[in-house]
Amino acid sequence: MQKDGDRSKVFARRVVLLGGGKALLVSLLGARMYYLQVMEADTYRTLADENRINMRLIPPPRGHIVDRFGVPLAVNRQNFRALVIAERTRDLEQTLRAFRSLTPLTDYDYQRVLKESSRRRSFVPITVRENLTWEQMAVIQVHAPDLPGVIIDEGLTRDYPYADLASHILGYVAAVAEEDITGDDPLLELPDFRIGKAGIEKVYDLPLRGKSGASQVEVNAVGRIIRELRREEGEPGHEVQLTIDIRLQDFASRRLGEQSAACVVMDVHTGELLAMASMPAYDPNAFARGLTNQEWKTLASDPRAPLRNKALAGQYAPGSTFKMVVALAALESGIMNAEQTVFCPGHLRLGNHLFHCWKRGGHGHMNMTSAIEQSCDVYFYEVARRIGIERIADMAHRLGLGSPLDIELPGEASGLIPSKAWKTATLGQPWVQGETLVASIGQGYVLATPMQLAVMTARIANDGLAVRPTLCRQAVVDGGLVPQSPPSFDSIGVSRQSMAVVKNAMWRVVNGNRGTARRSAIDVDGQTMAGKTGTSQVRRITMQERQSGVRSNEDLPWEFRDHALFVCFAPAEAPRYAVSVIVEHAGGGSRHAAPIAHDVMLETLRLDPSRNRVPGQTAAIPRDAPPDAPRTQNGGAEMAAGPATGTNDGSPPAGGPLQ
Amino acid sequence: MMGYELMTARMRRGEMTLGEKLWQVSWSFILLIAILAAIGAVMLYSAANGSMDPWASRHISRFGIGLAVLLVAALIDIRQWMRYAYWLYALALVLLVGVEVRGTIGMGAQRWIDLGFFQLQPSELMKVTLVLALARFFHGADLSDVGRPLFLIVPLMMVLVPVALVLKQPDLGTALMLMAGAGVLFFVAGVRLWKFVLVIVAGLGAIPVAWQFLHDYQKQRVLTFINPERDPLGAGYHILQSKIALGSGGLTGKGFLQGTQSHLNFLPEKQTDFIFVMLAEEFGMLAGMALLFLYVIALIYGLAIALRARNHFGRLVAVGVTVTFFLYVFINIAMVMGLIPVVGVPLPLVSYGGTAMMTLMLAFGLLMSVWVHRDVQIGRRGAYDDG
């Protein structure tokens, strides 16, 4: 019994110890519970919400891009898609077969749906077909009972109704690339989202994009949506209005046709661009849809560079269109006046170099007006020799050449106006006088874009206001849109008298008896056009080629032929529009560029809404004018049609390269 | 007065009528476990998104059957339990070997025998019969016997054989519970503390060896326990989601049927192993503490019965049952709170699952039997030669 008592004592002691141990462990549980549920409660509450709440972005509709009259150029098209939810079908394959009997479905898509459904959870919708027509959608909806699990979903796709007519201005949208994800906009993470990749679509991407809406949904552990908790509507993208008149853009693009060419139409007072065509172009719809490798290669390797906006990024020797710059530099320098004559024997000798005039026999005695009218090279060699390259370069810069014009598009080239300092800095060689002579006829180092040539012409036409080109009625400020401030341009500091001389000479180019563009004259209600031809030599015809029978430009391979240029403004009496045209590798400017400019200018005048109200009014086109007003009201249509075709086809073949 | 004296005398000799025995059953304890089971039913109702089906109703009926098992076990004379202790242990061992052999032959890692209304797991039965067998063994042992190391070889074997079989299944949780429960019995039987230290040190030394024998998923569980964020979408997912559910429940919870973690299925196995988390998510820490408090009361009952019993066998059985119960509670709650690895132990009386319920009700029946026969004196040599 004593032993049993010991045993009991030990037992009792140890049971108490055991109870103490258990109490300790239970306290541990309590402490842990307190730690998790009270001290760390906020952390875990957040985690629980992160678990169950999913943010789903609602992409906003992208803003439209419209022309100056509100005609939509870039819109969103409804895209009907058929989706299938596997768990709602009785048998996925059976549903797909039924779908196929109603709407065409490729084997590839059929297999793709089956493959995706095996990979994904059964409640995730899988796209069966995109871009359904309205009829196809109707058929599917009527047969809904036979198509368990099929739902129709409506998305928005970017659409460019004018296809390639304004592609270089509008640009295009495409899928977001890795390097595009810079900001914190969650929209960029959406798989279907498209952002602007070129043109206005790129520059105005932020305002066009809008603000995303969000829908908070509760999901369970496998991601199925249980219910929507909160919804925040987004903000649709803003509408961007261009200064382009799509009818004129359309006309200019078609008039350039298949040639590799560019054409710019600009309001000389406001700098608004009414058309900026660059051909050939591309279809931005193809980019929005996604290009195949083959399509991309074809576009990228085309020698006529459809992807390049030649009006802005193309740099060309301006040829004789540069002669106005030299003339103005001479007049403003006081070294020469307009009446001083220079004798043109067909060439000018400098040292032991001969500088030829385009006209073999020479022009005889030339003053400034006749030298511009007949585009005499020797006259300008002589003028340049007297005034020097620096004065010419200075005037070129004042007229808008040699530096970018800060238009609302990317990829603008700066052109090139050479000077002594430039040559020393870039080539490390001293300037030689012969180069001044070559520059005076817009050859050699001189480069300009069609846009710069239009600006140059506009600044002459408006008597020396430093007009700058603009393409858009709004500007982007901090990602939002603000209306462009009304233009006020400084003077470039050229006297009206000098301008009058040059403008008169340009008038004679088109309207004079010996003018190089006399076949492209216009007369609309007594309003005429002034202009200047230019031919920019791509490559000199060598002596060997001359001997082997190459006489003229047409005998050379395409890529070595001359560029044809023409700049003009109208009405000459009260200038409102400036046009520049360049046709790559076409030949002489008077034959290949002037007729195009002529047609475009006629169309520009025909479409001018102010002409239909108060004749002779010089104000810019009213911004609120209805798009169809000019077309229905006046007789300009016949007028435009007549001369346009006549000039194109009816002109007699020229004897040689005209300047 | 006389009647009471008479009765205690008869109780001492174990001569009680059925009615007297029923009177002696601790009905307050029965009420306590009924409350626990009711809490389980409420949570199972919530786990089924507000439905009695499929869990809550079956939980209640199983508790009813369990209650019957408890009462039958409680009314059986403690001396009978002692007499058949080794036989019951042997039966459990045979069944354990049986499922092992059968599982090896055909059905993979099958751990149970289908009895129709519930599935009998021999390893669960072993938790009870091991307590009985060890209690019987130590009942007949002096402190001096217990002090001899060689004397301990037999009870050690009684523990290690089933542990080895259970480990082979493999069921780490049950094996650990068997060892821990047995260890406590050794402890209260008077085995010197330095021997435990020796065994623990030897056990720690054996860990690298044992590691080799662990299945990959068991290794994963241990590694995941050490660093749950190691693999948040894989093995660590359960612990992490469990902690999120607990923490987000806060002090007062999200409300009945409002637990987002459990109802949106982020919480794994919410009706079985993780039901405590669901309770704590929907009713907060206060409910968790309250449940813990109810368990503590049940444990106090158990230990009080152990201290009150006059016979050593009964004391040991009471301690063994209480410890087993405590291990269930502690392992489950510690596991869902990320204190120990996930080993798959249900929360007693609350979790859905027939086997654990039956084991526990049988164990509580033994506890009640100890209480009812607390004054019965049993000779050193055993029940049958007592007379």
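Because the structure is a prediction, the values reported are computed rather than measured. Within each chain, residue numbers correspond to sequence positions counted from 1 in written order. For this description, chains carry letters from A and ligands carry numbers from 1, given in the order in which they are written. In keeping with the model being predicted, local features are shown solely for residues with a pLDDT of at least 70 and side-chain atom pairs are shown and tallied solely at 80 or more, while totals for entire chains, interfaces and linings include all residues. To get the side-chain values, all heavy atoms of the structure are used, and hydrogens and water are removed first.

Points about the overall build of chain B
Runs of E in the DSSP output that reach at least two residues are strands. Runs of H or I that reach at least four are helices, and both are numbered from the N terminus. The helix and strand tally for chain B stands at 17 helices and two strands. The proportion of buried residues among the 387 residues of chain B is 57%. Residue contacts are counted whenever heavy atoms from the two residues lie within 4.5 Å of one another. Across chain B, the fraction of contacts at a sequence separation of at least 24, relative to all contacts at a separation of at least 6, is 73%. Burial here depends on accessible area, computed with a 1.4 Å probe over protein chains only, as a share of the maximum for the residue type. Under 20% is buried, over 50% is exposed, and the range in between is partly exposed.

A closer look at the pairing of strand E8 (residues 213–219) of chain A
All names here are of chain A. With seven of its seven residues buried, E8 lies for the most part within the structure. Side chains Gly-213, Ser-215, Val-217 and Val-219 project from E8 onto one buried face, and the interleaved Ala-214, Gln-216 and Glu-218 project onto a second face that is buried too. Strand pairing is assigned whenever DSSP detects at least two bridges linking the two strands. In this structure, strand E1 (residues 53–58) lies alongside E8, joined through six bridges in antiparallel fashion. Looking at E8, one finds that Ile-53 is bridged to Glu-218. Here six bridges tie E8 to strand E9 (residues 225–232), and the two strands are oriented antiparallel to one another. Across the sheet, Ala-214 pairs through a bridge with Glu-232, a residue of E9.

Concerning the environment of Gln-24 of chain B
Residue and element names in this part refer to chain B. Position of Gln-24 relative to the elements: it lies in helix H2 (residues 18–24). Along the primary structure Gln-24 and Trp-371 are separated by 347 residues, whereas in three dimensions their C-alpha atoms are 7.7 Å apart. Distance and chemistry together define a polar contact, namely a pair of N or O atoms within 3.5 Å, with one atom able to donate a hydrogen and the other to accept it when in protein, and with adjacent residues in sequence counting only for side-chain atoms on both sides. A distance of 2.8 Å separates polar atoms of two side chains, one belonging to Gln-24 and the other to Arg-374.

A closer look at empty space enclosed by the protein
Residues and elements named next belong to chain B. In this analysis, the protein atoms alone were mapped onto a 1 Å grid. Cavities are point sets where a 1.4 Å probe fits without being able to get out; pockets are open sets with protein on both sides within 12 Å along at least five of seven lines; lining residues have an atom within 4 Å of a point. Grid points are joined across faces, edges and corners, and a volume is the space filled by probe spheres set on the points. According to the stated counting rule, one finds four cavities of 30 Å³ or more in the structure shown. Of all the elements in the fold, those that place two or more residues in the lining of the largest cavity are helix H7 (122–139), helix H10 (172–188) and helix H16 (312–336). Broken down by element, the residue count for the lining of the largest cavity peaks at five residues, all from H10. Note on residue classes: Ala, Val, Leu, Ile, Met, Phe, Trp, Tyr, Cys and Pro are nonpolar, Asp, Glu, Lys and Arg are charged, and everything else, Gly too, is polar. In the lining of the largest cavity, the residues fall into eight nonpolar, two polar and one charged.

Here's the deal with the confidence of the model for chain A
One number per residue, pLDDT, summarises how confident the predictor is, and it ranges from 0 to 100. The predicted model of chain A averages 82 in pLDDT, with 89% of residues at 70 or higher. Contacts from residues 613–659 of chain A, a stretch scored under 50 in pLDDT, to residues over four places away or in other chains number 82 contacts.

So, the interface of chain A and chain B
Listed by partner, the interface residues are 37 residues for chain A and 56 residues for chain B. Carbon and sulfur atoms make up 73% of the area that chain A and chain B hide from each other, which totals about 4000 Å². The term buried area refers to how much accessible surface (probe radius 1.4 Å) is lost by two components on association, counted for both of them together. Among the residues chain A hides against chain B, the three largest losses belong to Arg-7, Phe-11 and Arg-14 of chain A. Together they make up 20% of the total. Salt bridges are identified by distance alone: a Lys or Arg side-chain nitrogen within 4 Å of an Asp or Glu carboxyl oxygen. The interface formed by chain A and chain B contains zero salt bridges. On the surface where chain A and chain B come into contact, there are twelve residue pairs in polar contact (both at pLDDT 80 or more). Top contributing element to the side of chain A that touches chain B by residue count: helix H1 (residues 2–39) of chain A, with 25 residues. Considering only residue class, the side of chain A that touches chain B consists of 21 nonpolar, six polar and ten charged.

Digging into H10 of chain B
Residue and element names in this part refer to chain B. The span you would expect from a helix comes to 1.5 Å times its residue count less one. Taking 1.5 Å as the rise per residue, H10 with 17 residues should run 24 Å; its terminal C-alpha atoms sit 24 Å apart, in good agreement. Where burial is concerned, most of H10 is hidden: twelve out of the 17 residues are buried. Among the residues making up H10, those that are buried are Gly-173, Thr-174, Ala-175, Met-177, Leu-178, Gly-181, Ala-182, Val-184, Leu-185, Phe-186, Phe-187 and Val-188. Where H10 ends, the next residue or the one after it, Gly-190, has phi of about 110 degrees, a positive value.

Observations concerning the UniProt feature "transmembrane region" (unreviewed entry) in chain A
UniProt positions are given in the numbering used here, feature names are shortened, and annotations may be inferred rather than shown by experiment. Sites flagged by UniProt as "transmembrane region" (unreviewed entry) map to residues 15–35 of chain A. End C-alpha atoms of residues 15–35 of chain A are separated by 30 Å, and the span's content is 100% helix alongside 0% strand.

Quick notes on unusual backbone geometry
A cis geometry characterises the amide bond from Ala-570 of chain A onward to Pro-571 of chain A, with omega recorded as -15 degrees. Here Pro-571 of chain A lies in the loop between strand E20 (563–570) and strand E21 (577–583). In the segment running from Asp-53 of chain B into Pro-54 of chain B, the intervening peptide bond is cis, with an omega of -5 degrees. Within the secondary structure, Pro-54 of chain B sits in the loop between helix H3 (27–47) and helix H4 (56–75). The phi angle at Ser-375 of chain A is positive, at roughly 55 degrees, despite the residue not being glycine. If you trace the backbone, Ser-375 of chain A turns up in the loop between helix H14 (368–373) and helix H15 (377–387). One non-glycine residue, Asp-463 of chain A, lies in positive phi territory at about 65 degrees. Mapping Asp-463 of chain A onto the fold places it in the loop between helix H19 (450–461) and strand E17 (474–477). With relative accessibility at 21%, the residue Asp-463 of chain A sits in the partly exposed group.

Some remarks on the nonpolar core
Burial of nonpolar side chains together is a common tendency in soluble globular proteins. Judged by nonpolar contacts, the single largest core of 138 residues is most densely connected at Leu-242, Met-276 and Tyr-379 of chain A. If you count residues domain by domain, this core takes at least three from each of domain 1 (56–241) and domain 2 (246–293 + 312–650) of chain A. Dropping the residues within four chain positions of it, Met-276 of chain A is found in contact with Ile-169, Ile-244, Gln-249, Cys-263, Val-264, Asn-309, Ala-311, Leu-312, Leu-409, Met-451 and Leu-471 of chain A. Nine residue types can take part in a nonpolar core, namely buried Ala, Val, Leu, Ile, Met, Phe, Trp, Tyr and Cys, and a core is a set of them joined through side-chain atoms within 4.5 Å. Counting 131 residues, the second largest nonpolar core, distinct from the first, contains Ala-182, Met-335, Val-336 and Met-357 of chain B. What marks off one domain from the next here is an automatic or database domain assignment.

Regarding the pattern of salt bridges
With the rule as written, the count across this model stands at 37 salt bridges over all chains. Notably, a salt bridge pairs Arg-254 of chain A with Asp-250 of chain A, separated by 2.4 Å at the nearest N-O pair. Here the residue Arg-254 of chain A and the residue Asp-250 of chain A both occupy positions in helix H9 (residues 246–256), the gap between them amounting to four residues, near one helical turn. On the basis of relative accessible area, Arg-254 of chain A is assigned to the exposed category, the value being 58%. Exposure remark for Asp-250 of chain A: the relative accessible area of 18% places this residue in the buried category. Two residues, Arg-79 of chain B and Asp-77 of chain B, come together in a salt bridge whose shortest N-O distance is 2.9 Å. You can call Arg-79 of chain B buried: its relative accessible area is 17%.

Some details on the sheet that holds E9 of chain A
All names here are of chain A. If you trace the three strands from one edge of the open sheet to the other, you get E1-E8-E9, paired in antiparallel fashion. Unpaired on one side and paired on the other, E1 and E9 mark the two borders of the sheet. Along the sheet, successive strands turn relative to each other by an average axial angle of 30 degrees, direction set aside. Axis geometry follows a simple rule: fit a line to the C-alpha atoms, using only the stretch in contact for helices, then measure angles between N-to-C directions, giving values from 0 to 180 degrees. Docked against the sheet, helix H2 (residues 41–52) engages E1, E8 and E9, running at close to 50 degrees with respect to E1.

Details of the packing of aromatic side chains
Stacked, edge-to-face and tilted are the three classes for Phe, Tyr and Trp ring pairs, Trp counted by its six-membered ring, which pair at centre distances within 6.5 Å; planes under 30 degrees apart are stacked, over 60 edge-to-face, the rest tilted. Under the defined criterion, the tally for this structure stands at 20 aromatic pairs over all chains. Linked through ring pairs, Phe-29, Tyr-295, Tyr-301, Phe-325 and Phe-364 of chain B together constitute an aromatic cluster. Note on geometry: a ring has a charge over it if NZ (lysine) or CZ (arginine) is within 6 Å of the ring centre and within 35 degrees of the ring normal. The ring centre of Phe-69 of chain A lies 5.9 Å from the NZ or CZ of Arg-68 of chain A, which sits over that ring. Here the guanidinium or amino end of Arg-374 of chain B rests over the ring plane of Trp-371 of chain B, the centre of that ring lying 3.9 Å away.

Here we look at the environment of Arg-518 of chain A
Residues and elements named next belong to chain A. Along the polypeptide, Arg-518 turns up in the loop between helix H20 (496–511) and strand E19 (530–536). Looking at Arg-518, the relative accessible area reads 43%, which means it is partly exposed. With 13 residues separating them along the chain, Arg-518 and Gly-531 place their C-alpha atoms 9.9 Å apart. Discounting chain neighbours no more than four positions away, the residues touching Arg-518 are Val-509, Val-510, Gly-512 and Asn-513. Separated by 2.7 Å, the side chain of Arg-518 and the backbone oxygen of Gly-515 make a polar contact.

As for the sheet that holds E21 of chain A
Residue and element names in this part refer to chain A. Taking strand neighbours across the sheet as the criterion, the five strands line up as E12-E11-E21-E20-E19 in an open arrangement whose pairing is antiparallel. Both edges of this open sheet fall to strand E12 (273–279) and E19, since each of them pairs with a single strand only. In this sheet, adjacent strand axes meet at a mean angle of 10 degrees when their direction is disregarded. When strand E11 (residues 261–267) meets E21, the two strands line up antiparallel, connected through seven bridges.

What to know about the side chain of Thr-528 of chain A
Residue and element names in this part refer to chain A. The topology assignment puts Thr-528 in the loop between H20 and E19. Within the local environment of Thr-528, its side chain forms a polar contact with the side chain of Glu-573, the two groups lying 2.6 Å apart. Non-local contacts of Thr-528, meaning those with residues more than four positions away in its chain, are made with Trp-507, Asn-511, Ile-522, Ala-570, Pro-571, Ala-572 and Glu-573.

Some details on the packing of helix H13 (residues 323–333) of chain A against H15 of chain A
Residue and element names in this part refer to chain A. Two elements in contact, H13 and H15, have axes whose closest approach is 10 Å; the angle formed by their N-to-C orientations is 45 degrees. Considered as vectors, H13 and H15 are oriented oblique to each other. Where H13 crosses over H15, the handedness of that crossing is left-handed. Touching Lys-323, Val-326, Ala-327, Ala-329, Ala-330 and Ser-333 of H13 are Asp-377, Phe-380, Val-383 and Ile-387, all from H15. For the contact of H13 with H15, the residue count by class is seven nonpolar, one polar and two charged. Angle categories are assigned with fixed cut-offs, so that under 35 degrees is roughly parallel, over 145 is roughly antiparallel, 65 to 115 is roughly perpendicular, and the rest are oblique. Here a crossing is taken to be left-handed if its near helix is turned anticlockwise relative to the far helix by less than a right angle, and right-handed if that turn runs clockwise.

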